[in-house]
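Structural features, examined
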Amino acid sequence: ERPLSEPETLKLIHELEVHQIELELINEELMQARSAAQEAAEKYTELYDFAPSCYFTLSKGGEIIELNLSGAKMLGKERAHLKTSRLGFFVSNDTKPTFNLFLEKIFNNKTKESCEVTLSQKGNLPMAVHLTGIITENEEHCFVTIVDITAHKQAEHELIKAKEHAEESDHLKSAFLANMSHEIRTPMNGILGFADLLKNPKLTGEKQQNYISIIEKSGVRMLNILNDIISISKVESGQMKISISETNINEQIEYIYTFFKAEVERKGMQLSCNIGLPAKEAVIRTDREKIYSILTNLVKNAIKYSDKGTIEIGYNSAGSSTELTFYVKDTGIGIPPDKTETIFNRFVRSDKADIKAIQGAGLGLSIAKAYVEMLGGKIWVESEEGKGSTFFFTIPFN
Ligand code: ADP
């Protein structure tokens with residue numbers, strides 16, 4: 001090879017210089033691309049780790065291959081400790097079959113699958129979650145997204161409860177209206193029917209008296225129903241007022257005893273009363289009318305739902321210096337255990353077929369309960385079916 005001439009050398013140097021510039025430009029581009037790639041990778045990691053959804057990569061056997069931070073947080077463990085553990089381990093026993101089927105379908109059908117299961121970890125509340133899964137390209141693993149739907153589930157649950165409640169109220173109202181129509185029509189028919197019979201001028205005096213007394217009784221029955229409806233409407237619209245005055249409890253009990261004695265004895269039963277405090281101490285500050293109304297309702301029920309034995313009304317201070325406990329005890333048909341709470345709700349009547357015939361609108365106890373609560377007390381019943389019931393209520397005094 002011959003040595004290069006000077007112009008040739010200069011040309012070569014020039015070409016090299018150009019080439020170097022080119023290389024530098026390429027290098028710069030590469031650096032830029034690298035930093036862009038790095039940025040993208042960081043962004044991706046950030047996106048993956050801090051996404052609000054939980055991402056998992058699982059093996060066919062359900063082992064955790066990869067997961068994001070949200071996923072680790074959801075399972076309540078550190079990410080490093082979770083790799084190679086099984087996701088199924090965190091799924092509640094009752095939803096495990098659903099989870100296993102979900103995995104099986106992803107790998108067998110190679111379709112996108114979803115399911116709902118419950119995650120349960122020691123010491124934490126169970127969490128309702130929605131899973132979506134899809135197989136990876138190499139078909140070795142699957143990607144699973146998990147979303148916490150506990151709040152949704154709870155809202156759904158509450159909606160269903162509210163709906164059931166509304167339906168129940170609706171049902172009760174219809175039953176109440178039907179019952180009420182019956183309750184009003186029966187005495188009304190009595191009044192109209194016997195008034196018609198009274199028109200007969202040839203009636204004996206005895207028959208006349210008999211018919212008049214039936215008309216009177218029907219009128220009273222109707223008035224009672226109307227009063228109950230007015231009371232419960234007042235309670236519900238917040239118009240029922242309390243009027244506190246000095247009240248002699250013993251007088252109240254004795255008054256009710258005297259008032260109902262004859263009626264109870266006519267049914268072949270006994271009425272007894274049990275005064276809990278000496279006359280001097282039996283004066284408390286409370287709403288006399290309400291106490292009277294509560295006791296009357298309870299005694300009326302005791303008479304209505306008993307055919308034999310004794311009805312006892314009374315009260316005692318049960319060692320308390322702040323409240324009195326009243327009771328009305330009967331030896332009647334009793335109340336099924338599942339009804340002892342609901343009978344205090346308005347319109348609710350025990351739906352035993354054999355006592356359907358007994359008149360009532362299902363308002364008495366709800367009025368009694370509302371009054372007791374207005375006075376700051378509690379009302380409850382202890383009962384055994386076929387043996388009898390004792391209704392208790394407390395009234396704080398002063
Ligand atoms: P009503 O008597 O008009 O049906 P209440 O609200 O007074 O309405 O009572 C609700 C239900 O509670 C009654 O239908 C009855 O089934 C039950 N009940 C109330 N008092 C007694 C009692 N002393 N013994 C047995 N069942 C009772």
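Everything here concerns the structure above.
A brief structural summary. Remember, it's a predicted structure, so these values are computed and weren't measured experimentally.

What counts, and where the lines are drawn
- Residues numbered from 1 in each chain as written.
- Predicted model: local features only at pLDDT ≥ 70, side-chain atom pairs only at ≥ 80, totals over all residues.
- Heavy atoms only, no water.
- Pairing = 2+ DSSP bridges.
- Helix = DSSP H or I, 4+ residues; strand = E, 2+ residues; numbered from the N terminus.
- Axes fitted to C-alpha atoms, helices over the stretch in contact; angles between N-to-C directions.
- Contact = heavy atoms within 4.5 Å.
- Phe/Tyr/Trp six-rings, centres within 6.5 Å; stacked < 30°, edge-to-face > 60°.
- Buried < 20%, exposed > 50% of the residue type's maximum accessible area, 1.4 Å probe, protein only.
- Salt bridge = Lys/Arg side-chain N within 4 Å of Asp/Glu carboxyl O.
- Expected span 1.5 Å × (residues − 1).
- Polar contact = N/O pair within 3.5 Å; in protein donor to acceptor, adjacent residues only side chain to side chain.
- Patch = residues over 30% accessible without salt bridge, like charges linked within 9 Å, V, L, I, M, F, W, Y side chains within 5 Å.
- Areas by Shrake-Rupley, 256 points an atom, 1.4 Å probe, with all protein chains shown as cover.

Describing the sheet that holds strand S5 (residues 141-148)
- Read across the open sheet, the five strands follow the order S2-S1-S5-S4-S3; overall the sheet is antiparallel. Two strands bound the open sheet, and with one partner strand each, they are strand S2 (64-67) and strand S3 (113-119). For this sheet, the mean angle separating the axes of adjacent strands, direction not counted, is 30°.
- Two strands pair when backbone bridges link them, and strand S1 (residues 54-59) and S5 are joined in this way by six bridges, in the antiparallel orientation. Each bridged residue has a counterpart across the sheet, and for Tyr 55 the counterpart in S5 is Thr 145.
- Against the sheet, helix H4 (residues 96-109) touches S1, S3, strand S4 (127-135) and S5, its axis set at about 155° to S3.

Comments concerning the packing of aromatic side chains
- Scanning the model with the defined rule gives twelve aromatic pairs in all.
- Seen in terms of ring centroids, Phe 344 and Phe 391 are 6.0 Å apart; in terms of plane orientation they differ by 75°. Their pairing is edge-to-face. Within this pair, whereas Phe 344 is found in the loop between strand S10 (323-329) and helix H9 (364-374), its partner Phe 391 is found in strand S12 (residues 388-396), the two being separated by 47 residues in sequence. Take Phe 344 and Phe 391: they sit in the same class, and that class is buried.
- An aromatic cluster is defined as three or more aromatic residues linked by ring pairs; in this entry it consists of Tyr 255, Phe 259, Phe 260 and Tyr 292.

Quick notes on the pattern of salt bridges
- By the definition in use, this model includes 15 salt bridges.
- The residue Lys 110 makes a salt bridge to Glu 139 at a minimum N-O spacing of 3.9 Å. With Lys 110 in the loop between H4 and S3 and Glu 139 in the loop between S4 and S5, this pair connects stretches of sequence that are 29 residues apart.
- Between Lys 387 and Glu 384 there is a salt bridge, with the nearest N and O atoms lying 3.4 Å from each other.

A word on helix H8 (residues 288-304)
- Given a rise of 1.5 Å per residue, 17 residues ought to cover 24 Å, and the 24 Å separating the end C-alpha atoms of H8 matches this to within 8%.
- Of the residues making up H8, those classed as buried are Lys 290, Ile 291, Ser 293, Ile 294, Leu 295, Thr 296, Asn 297, Leu 298, Val 299, Asn 301, Ala 302 and Ile 303.
- Turning to H8, the residues buried within the fold contact helix H7 (249-266), strand S8 (283-286), strand S9 (310-316), S10, H9 and S12.
- Sitting at the head of H8, Asp 287 places a side-chain oxygen 3.2 Å from the backbone nitrogen of Glu 289.

Concerning helix H6 (residues 205-236)
- Here H6 contains 32 residues, and its C-alpha end-to-end distance of 47 Å stays within 8% of the 46 Å for a straight helix at 1.5 Å per residue.
- Within the span of H6, buried status applies to Tyr 211, Ser 218, Met 222, Ile 225, Ser 231 and Ile 232.
- Positive backbone phi, at 70°, marks Gly 238, one or two positions downstream of H6.

A look at the side chain of Glu 113
- Mapped onto the secondary structure, Glu 113 falls in strand S3.
- By relative accessible area, which is 13% here, Glu 113 ends up buried.

Some thoughts on a nonpolar patch on the surface
- A cluster of nonpolar side chains, Leu 4, Leu 12 and Leu 16, forms an exposed patch at the surface whose accessible area comes to about 300 Å².
- Tracing the backbone through its elements, the reader meets Leu 16 in helix H1 (residues 6-50).
- When its relative accessible area of 56% is taken as the criterion, Leu 16 is described as exposed.

Description of unusual backbone geometry
- At Thr 84, a residue that is not glycine, the phi angle is positive and equals roughly 75°.
- Inspection of the secondary structure puts Thr 84 in the loop between helix H3 (79-82) and H4.
- The phi dihedral of Lys 110 is positive, around 55°, even though this residue is not glycine.

Quick notes on the environment of Thr 204
- Within the secondary structure layout, Thr 204 lies in the loop between helix H5 (150-198) and H6.
- Placed 115 residues apart in sequence, Thr 204 and Gly 319 show a C-alpha to C-alpha distance of 60 Å.

So, the pairing of S10
- Among the seven residues that make up S10, five are buried, leaving the element largely enclosed by the rest of the structure.
- As defined by bridge partners, S9 adjoins S10 across five bridges and the pair is classed as antiparallel. Bridged to Ile 313 within S10 is Val 328.
- In sequence, S9 turns back onto S10 through a hairpin of six residues, with Ala 318 there showing a positive phi of about 45°.
- The sheet contact formed by S10 and S12 spans seven bridges and is antiparallel. Bridge pairing in S12 places Tyr 327 opposite Phe 392.

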